[in-house]
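Here's the letter readout for the chains.
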Amino acid sequence: MKRLTFLYLSKDKKQSLQKGRELLQSLLRRNFEVRLEEEVADLLSLPHLALKEEQLKEVELVVVGGGDGTILKASHFAAPLGLPILGVNMGRFGFLAEFSIKQAAQAVEDFFQGKVSIEERMMLSAEIKNKVFYALNDVVLSKGGISRILNVETKVGGELLAIYPADGIIVSTPTGSTAYSLSAGGPIIEPSLELIILTPICPHTLSARPLVLKPDEILEISIRPPHPGSVFLTVDGQEGIPVGKEEVVVKRAPFHCKFVLSGNYSFYRKVRSLLRWGARKGVV
C-alpha cells in the first residue's frame with residue numbers, strides 16, 4: 001500500500017517552481033504517492049496531484065522544498081497535526097533544510113522504512129486579541145516607521161522583569177536562536193533543547209542583555225505607554241499583527257515540530273559551515 005506524501009513547495013519565484021518540479025519527478029520515479037498544494041498543482045499544470053482536504057488526515061510525511069522561510073510556513077500547519085517535516089534545500093542558506101534535491105527521494109524512502117531519526121523542536125504560542133499564533137523560530141514585537149524607541153514592559157510568570165527602552169524584543173525558541181535573535185546579540189542554543197530566549201532589540205541601556213528562561217515560563221509583553229507610531233507583532237517573520245494597548249502572552253506551544261534528520265546530521269557542523277563559526281582566513 002502506497003503511503004501519502006505532501007510535497008509543499010516554495011512558489012515565490014519561477015526558479016523555485018522549476019526546482020520543485022525536479023524534486024517532484026524524483027519522488028514520482030520512486031513510485032511514491034505524492035500530492036501538492038492546490039495552487040502549486042495548478043501552476044505546474046498537474047491538477048490531478050492537488051491535495052484534497054479530506055486527504056490531509058492520510059498524509060504521513062510533509063516534504064518541504066524551498067528555503068528556511070518555506071519550512072517555517074510548513075511548520076504552522078504540520079506541527080499541530082503531528083506531521084514530520086523533511087526539509088529539502090532549494091534556497092541559498094538552508095539552515096533548517098537537511099537534504100538536497102538529489103538526496104530527497106532516498107531520504108523519503110528511508111523515512112518510510114524507519115531508517116531516519118526524528119527530532120522534536122519546541123514551538124511558541126503568542127496570544128493577542130483572543131487570537132493565537134504559533135512560531136517555530138520567534139515572536140517579535142517591534143516598531144514601525146517612527147524612530148522613537150519603545151518602552152517594552154515584560155513580565156515573567158506574572159512578575160515584572162523589566163521595562164526595556166529598545167526598538168523591540170524577540171522571544172525565540174532554540175531553533176530560532178540562529179535567526180533574528182542571533183543578529184540582535186542573542187546566544188546560539190542547540191535546537192533540541194527546550195528553552196525560551198528573550199533578546200531586546202537595540203536596547204538603549206547597557207544593562208539590558210539576552211536572557212534564557214525555563215520552557216514553561218509565561219511571558220506577558222506590552223508597550224507602556226502606547227507608542228504614537230506603529231507597533232507590530234511578527235510571528236516567524238511572516239505574520240504581522242498591529243499592536244496598541246494589547247498585551248501579548250507568549251508561552252510554549254502545546255505541540256512540537258518534528259524534523260526528519262539524516263544519519264550524519266550535526267548541528268555543530270551546520271553552525272561551523274553556514275555561520276562560519278570561528279573561521280579565520282587560511283585556517284581549516
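Above this text is the structure in question.
Residues numbered from 1 in each chain as written. Predicted model: local features only at pLDDT ≥ 70, side-chain atom pairs only at ≥ 80, totals over all residues. Heavy atoms only, no water.

1. Description of the overall build of the chain
Inclusion rule: Each helix is a run of H or I in the DSSP string that is no shorter than four residues. Each strand is a run of E no shorter than two, and both are numbered from the N terminus. Computation of the radius of gyration draws on C-alpha atoms, with the globule rule given as 2.2 Å multiplied by the number of residues to the power 0.38. Only protein chains enter the calculation, and the probe is 1.4 Å; a residue is then buried if its accessible area is under 20% of its type maximum, exposed if over 50%, and partly exposed in between. In this description, contact between two residues means that some pair of their heavy atoms is separated by no more than 4.5 Å. To measure how exposed things are, a 1.4 Å probe is used in the Shrake-Rupley method; for residues, cover is taken only from the protein chains shown. In this tally, Lys and Arg are treated as positive and Asp and Glu as negative; His is ignored, and so are the chain termini. By convention, the charge on Lys lies at NZ, on Arg at CZ, on Asp at CG and on Glu at CD.
A tally of helices and strands in the chain yields 6 helices and 16 strands. Taken against the 2.2 N^0.38 rule, which gives 19 Å for 284 residues, the C-alpha radius of gyration of the chain at 20 Å falls within 12% of a compact globule. By principal-axis analysis of the C-alpha atoms, the chain measures approximately 60 × 50 × 35 Å. Sorting the 284 residues of the chain into buried and exposed places 49% on the buried side. A separation threshold of at least 6 residues defines the contact pool for the chain, and within that pool the share at least 24 residues apart is 69%. Accessible surface for the chain amounts to roughly 14200 Å². Of this, 51% is attributable to carbon and sulfur atoms. With 35 positive and 31 negative side-chain charges, the chain shows a separation of 7 Å between the mean positions of the two kinds.

2. A closer look at the packing of aromatic side chains
Under the convention used in this document: Centres within 6.5 Å are what make two rings of Phe, Tyr or Trp a pair, Trp counting through its six-membered ring; a difference in plane orientation under 30 degrees is then read as stacked, over 60 as edge-to-face, and the rest as tilted. Any Lys NZ or Arg CZ that is within 6 Å of a ring centre and within 35 degrees of that ring's normal is treated as a charge sitting over the ring.
Tallied over the full model, the rule gives 8 aromatic pairs. The interplanar angle of 70 degrees and the centroid separation of 6.1 Å between the aromatic rings of Phe6 and Tyr8 together place this pair among those described as edge-to-face. Like Phe6, the residue Tyr8 is buried in the burial classification. With centroids separated by 6.2 Å and ring planes inclined at 40 degrees, the aromatic side chains of Phe32 and Phe112 adopt a geometry described as tilted. Of this pair, Phe32 sits in the loop between α1 (14–29) and β2 (33–36) while Phe112 sits in helix α4 (residues 101–112), and the two are 80 residues apart along the sequence. Judged by relative accessible area, which is 15%, Phe112 ranks as buried. The rings of Phe6, Tyr8 and Phe77 are connected pair by pair, giving a single aromatic cluster. Of note, Arg121 hangs over the ring of Phe259, and the distance from its end group to the ring centre comes to 4.9 Å.

3. A short note on the sheet that holds strand β12 (residues 211–213)
For clarity, the cut-off: We call two strands paired when DSSP finds no fewer than two bridges between them. Helix axes are fitted to C-alpha atoms over the stretch in contact, other axes to C-alpha atoms as well, and angles between N-to-C directions run from 0 to 180 degrees.
Strands sit in the order β12-β11-β10-β7-β14-β15 across an open sheet of 6 strands; the sheet is antiparallel. Both edges of this open sheet fall to β12 and β15 (239–242), since each of them pairs with a single strand only. Mean inter-strand twist for the sheet, computed between neighbouring axes without regard to direction, equals 20 degrees. Two elements, strand β10 (residues 168–172) and strand β11 (residues 196–201), share 5 bridges in a ladder whose sense is antiparallel. Considered in β11, the bridge of Ile169 is made with Pro200.

4. Looking at the side chain of Asn137
Along the chain, Asn137 turns up in the loop between β6 (131–135) and β7 (138–143). Asn137 sits in the buried class, given a relative accessible area of 10%. Discounting residues that sit within four places of it in the chain, Asn137 has contacts with Leu72, Val171, Ser172, Thr173, Thr175, Gly176, Ala179 and Asp236.

5. Here's the deal with the packing of α1 against α4
Rules: Whether a crossing is left-handed or right-handed is set by the direction in which the near helix is turned from the far one by less than a right angle, anticlockwise for left-handed and clockwise for right-handed. Nonpolar residues are Ala, Val, Leu, Ile, Met, Phe, Trp, Tyr, Cys and Pro. Charged residues are Asp, Glu, Lys and Arg, and all others, Gly as well, are polar.
The contact between α1 and α4 brings their axes to 9 Å, and the two run at 35 degrees. When the axes of α1 and α4 are compared, the crossing they make is right-handed. On α4, the residues touching Lys19, Glu22, Leu23, Ser26 and Leu27 of α1 are Ile101, Ala104, Ala105 and Val108. Here the contact of α1 with α4 is composed, by residue class, of 6 nonpolar, 1 polar and 2 charged.

6. Thoughts on the layout of surface pockets
Rolling a probe over the atoms, with the probe sized like a water molecule, indicates the empty space that remains. In plain terms, the rule: Lining residues are those with an atom within 4 Å of a point, where the points come from a 1 Å grid over the protein atoms alone and group into cavities, where a 1.4 Å probe fits but cannot get out, or pockets, open sets with protein on both sides within 12 Å along at least five of seven lines. Grid points are joined across faces, edges and corners, and a volume is the space filled by probe spheres set on the points.
As a volume, the second largest pocket reaches approximately 190 Å³. Taken together, 13 residues line the second largest pocket, and the ones lying closest to its centre are Glu98, Ser262, Asn264, Arg269 and Lys270. The biggest single contributor to the lining of the second largest pocket is helix α6 (residues 267–274), with 4 residues. Class assignment of the residues belonging to the lining of the second largest pocket gives a composition of 4 nonpolar, 6 polar and 3 charged.

7. Overview of the pairing of β6
Looking along a regular strand, one sees the side chains alternate between the two faces of the sheet. Relative to β6, strand β5 (residues 117–128) is paired through 5 bridges, and the arrangement is antiparallel. From the neighbouring strand, Glu127 faces β6, where its bridge partner is Val132.

8. Some details on the pattern of salt bridges
Stated precisely, the cut-off is as follows: The rule for a salt bridge is simple: a side-chain nitrogen of Lys or Arg has to be within 4 Å of a carboxyl oxygen of Asp or Glu.
Summed over all chains, the structure comprises 7 salt bridges. Here Lys143 and Asp167 are joined by a salt bridge, their closest N and O atoms 3.1 Å apart. Within this pair, whereas Lys143 is found in strand β7, its partner Asp167 is found in the loop between β9 (159–166) and β10, the two being separated by 24 residues in sequence. Since its relative accessible area comes to 21%, Lys143 is described here as partly exposed. Given a relative accessible area of 19%, Asp167 falls into the buried group.

9. Let's talk about empty space enclosed by the protein
Using the criterion set out here, one finds 2 cavities of 30 Å³ or more in the structure. Each pocket or cavity is described by its volume, and for the largest cavity that value is around 130 Å³. In this structure, the largest cavity is lined by 17 residues; those nearest its centre are Phe95, Leu96, Arg121, Tyr265 and Lys270. Looking at which element gives the most residues to the lining of the largest cavity, the answer is strand β16 (residues 248–261), with 3 residues. Class assignment for the residues of the lining of the largest cavity results in 11 nonpolar, 3 polar and 3 charged. What lines the second largest cavity is Val139, Leu141, Ile169, Val171, Ile221, Leu233, Val248 and Val250. Looking at the lining of the second largest cavity, its residues break down into 8 nonpolar, no polar and no charged.

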